Amino acid sequence: MKKLGLLFMTVILLGVITFSNGLTIYTYESMSWIEDNLVQKFEKKYNTNIRVIKLGDAGGIVSRLILEQRNPKADLVIGLDQSLAVKALEEDLLVPYKSKNLSKIKDKNLLFDKNYYLTPFDYGAIAFIYDPEKIDQELKTFEDLKKMNKSIIIQNPSMSSTAQSLLLWTIAIYGENWKEFWKSFKNSILTVTPGWSESFAKFEAGEAPMMLSYATDGAYSYEYYKQVKYKEFIPEEGGYVQIEAAGIVNKTKNRDLAEKFIDFMLEEEFQKEIPLNNWMFPVINTEMPESFKYAKEPNKILSIDSKQISENLDKWLKEWEEIMY
C-alpha cells in the first residue's frame, strides 16, 4: 500500500510539474478551432504543452479571472474586445506586453489599447442581418429600424459582447440622446436572448425577419451553401467594429511562453486561419478566401473613447435594463 501511495503521489507531482511548465489559455467556446492544429504546432515548436479552457461567452473569461485574481490559474486570455478590456484593466488582471510582431498589423487604429495590455488578433463589424424575402422596404439609417414592429431579435448587453457593442454603437451615434432612441426602438424588438446562438436559432426558425449579428454572415453563407440567403445592414451613420484581443494574465508563472504565443498569433500561420474559423478579419495582410467578398465592411467606423466606456458602462447597462424591462 505504501508503494501504491508513493506511486500515486509521484503521478500527481509529475502532473503538477508538467502543468506548471505549460501554458493555460482561457478563451470563449467558439475559439475551439485553435485546438485543431495551431496549438499542436506551438507545442512542437517550443517543446511544451497547452491547456485550452473554454468559458462560454467572452464575458465569462473576465468573471473567471476576477474570481481567481489572488491565485490565477491561467497564463493567457484570448477573446476580450474593447468593452471587456475595460473591466479587465480596471481589475488589474493583465500585464503589458509589446509584441515584436506589432509592426505587421495593417491598420494601427486596431491597436485600441495604447499601453499594450491587449494585443488585437482579429476584427469585424456588428450588423443587422435580415431575410430579403420578408423585408422589402429600403433601409438606410437607424431611424428606419424604429419602424419595424416586433421584427428584430437582439441579445442582452449584460451577457453578450455583440449586444454590448450594439449599445455602444447607438451611444456613439446618438450621444446623450441614446436613451430616447432605445425607448422608440424597443417596439421594434421581438425578443432579447442571452447570446448570439439563441438569437440565430430563433431567426433561422422564422420567428423574426432580422437579428443582431455580424457583417461576415454573408461570407459564411457563401462558403457553406454557395448562396447568400440573408443580407447585412449597416446604417449609413457608420459601423461599430468589434476588435478581439489577447492578453497575459497578471502573476503568470509562464510569462515567456505567453509572450511567444501572442507573437505566434500575429504570424501568418495563425492569422490565415481566422476568416474561415472565427468569421472575422485578420489583423495582418494575408490571402483571403473567395467567400469574404460577401462580407460587409462599414464605410465609416464609429468608436467611443475607452476612458468614457470605463467610467460609464455599468451605468449605461443599468439604464438600458430600466428601459427594456
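Residues numbered from 1 in each chain as written. Predicted model: local features only at pLDDT ≥ 70, side-chain atom pairs only at ≥ 80, totals over all residues. Heavy atoms only, no water.

Going by what an unreviewed UniProt entry lists, the protein is known as Thiamine transport system substrate-binding protein and is assigned to Oceanotoga teriensis.

Chemist: Describe in detail the packing of helix 6 (residues 161-174) against helix 7 (residues 178-185), supporting the description with residues and values.
Modeler: The contact between helix 6 and helix 7 brings their axes to 8 Å, and the two run at 120 degrees. The angle between the axes of helix 6 and helix 7 places the two elements in the oblique class. Classified by chirality, the crossing of helix 7 by helix 6 is right-handed. Facing Leu166, Leu167, Thr170, Ile171 and Tyr174 of helix 6, the residues of helix 7 in contact are Trp178, Phe181 and Trp182. Classifying every residue of the contact of helix 6 with helix 7 by side-chain character gives seven nonpolar, one polar and no charged. (Axes fitted to C-alpha atoms, helices over the stretch in contact; angles between N-to-C directions. Helix = DSSP H or I, 4+ residues; strand = E, 2+ residues; numbered from the N terminus. Parallel < 35°, antiparallel > 145°, perpendicular 65-115°, else oblique. Left-handed = near helix turned anticlockwise from the far one by under 90°. Contact = heavy atoms within 4.5 Å. Nonpolar A, V, L, I, M, F, W, Y, C, P; charged D, E, K, R; others polar.)

Chemist: Tell me about the pairing of strand 6 (residues 152-155), and name the residues and values.
Modeler: Here strand 6 shows a buried face lined by Ile152 and Ile154 and a second buried face lined by Ile153 and Gln155. One ladder, built from four bridges, connects strand 6 with strand 7 (residues 189-193); its direction is parallel. Looking at strand 7, one finds that Ile152 is bridged to Ile189. Pairing of strand 6 with strand 8 (residues 210-214), which is carried by two bridges, proceeds in the parallel orientation. By the bridge assignment for strand 8, Ile153 is matched with Met211. (Buried < 20%, exposed > 50% of the residue type's maximum accessible area, 1.4 Å probe, protein only. Pairing = 2+ DSSP bridges.)

Chemist: Describe the packing of aromatic side chains, listing the residues and the values that go with them.
Modeler: Scanning the model with the defined rule gives 28 aromatic pairs in all. When the centroid spacing of 6.3 Å and the interplanar angle of 80 degrees are considered together, the rings of Phe128 and Phe142 count as edge-to-face. Of this pair, Phe128 sits in strand 5 (residues 119-130) while Phe142 is found in helix 5 (residues 142-145), placing the two residues 14 residues apart along the sequence. On the accessibility criterion, Phe128 (0% relative accessible area) is buried. Relative accessible area serves as the criterion here: at 0%, Phe142 is assigned to the buried category. With 5.0 Å between their ring centres and 25 degrees between their planes, Phe181 and Phe185 make a pair best called stacked. Of this pair, Phe181 and Phe185 both sit in helix 7, four residues apart, roughly one helical turn. (Phe/Tyr/Trp six-rings, centres within 6.5 Å; stacked < 30°, edge-to-face > 60°.)

Chemist: Report on the pattern of salt bridges, specifying residues and quantitative values.
Modeler: Applying the stated criterion to the full structure yields 13 salt bridges. Where Glu319 meets Lys179, a salt bridge forms, and the shortest distance between an N and an O atom there is 3.6 Å. With Glu319 in helix 13 (residues 306-324) and Lys179 in helix 7, this residue pair connects regions lying 140 residues apart in the sequence. Given a relative accessible area of 29%, Lys179 falls into the partly exposed group. Residue Glu259 is joined to Arg255 by a salt bridge in which the shortest nitrogen-to-oxygen separation is 2.8 Å. One end of the pair is Glu259 and the other is Arg255, both in helix 10 (residues 255-265) and four residues apart, which spans about a single turn. (Salt bridge = Lys/Arg side-chain N within 4 Å of Asp/Glu carboxyl O.)

Chemist: Outline helix 3 (residues 59-67), listing residues and values.
Modeler: Among the residues of helix 3, those classed as buried are Ile61, Val62 and Leu65. The buried residues of helix 3 occupy an angular sector of 95 degrees when the element is viewed end-on, so they sit on one face. Tucked into the core, helix 3 has its buried residues touching strand 1 (23-27), strand 3 (76-80), helix 4 (82-90) and strand 10 (239-249). (Arc of directions from axis to C-beta.)

Chemist: Kindly report on the pairing of strand 1, identifying the contributing residues and their values.
Modeler: Taken across its five residues, strand 1 has five buried, putting it largely inside the fold. Every second residue of strand 1 is oriented toward a common face, with Leu23, Ile25 and Thr27 on one face and Thr24 and Tyr26 on the other, all of them buried. One crossover worth recording links strand 1 to the parallel strand 2 (residues 50-54) by way of helix 2 (residues 38-46), and it is right-handed. Inspection of the sheet shows strand 1 paired to strand 3 by two bridges, in the parallel sense. Within strand 3, the position partnered with Tyr26 by the bridge is Val77. (Right-handed = clockwise from strand over helix to strand, strands pointing away.)

Chemist: Explain a nonpolar patch on the surface residue by residue, including any values.
Modeler: Together, Tyr220, Tyr224 and Tyr225 make up an exposed nonpolar region whose accessible area comes to about 360 Å². With respect to the secondary-structure elements, Tyr224 resides in helix 9 (residues 217-225). (Patch = residues over 30% accessible without salt bridge, like charges linked within 9 Å, V, L, I, M, F, W, Y side chains within 5 Å. Areas by Shrake-Rupley, 256 points an atom, 1.4 Å probe, with all protein chains shown as cover.)

Chemist: Go over the packing of helix 2 against helix 10, please, and point to the residues and values.
Modeler: Put simply, helix 2 and helix 10 touch, their axes get as near as 12 Å, and they point 130 degrees apart. Judged by the inter-axis angle, helix 2 sits oblique to helix 10. The handedness of the crossing between helix 2 and helix 10 comes out as right-handed. Seen from helix 2, the contacting residues are Leu38, Phe42 and Tyr46; seen from helix 10, they are Leu257, Lys260, Phe261 and Phe264. Its residues placed into classes, the contact of helix 2 with helix 10 shows six nonpolar, no polar and one charged.

Chemist: Quick one: what's the story with the confidence of the model for the protein, residue by residue and with numbers?
Modeler: Here the protein averages 90 in pLDDT, while 94% of its residues score no lower than 70. This stretch, residues 1-19, has a pLDDT under 50; its non-local contacts, to residues over four places away or in other chains, come to four contacts. (pLDDT = per-residue confidence, 0-100.)

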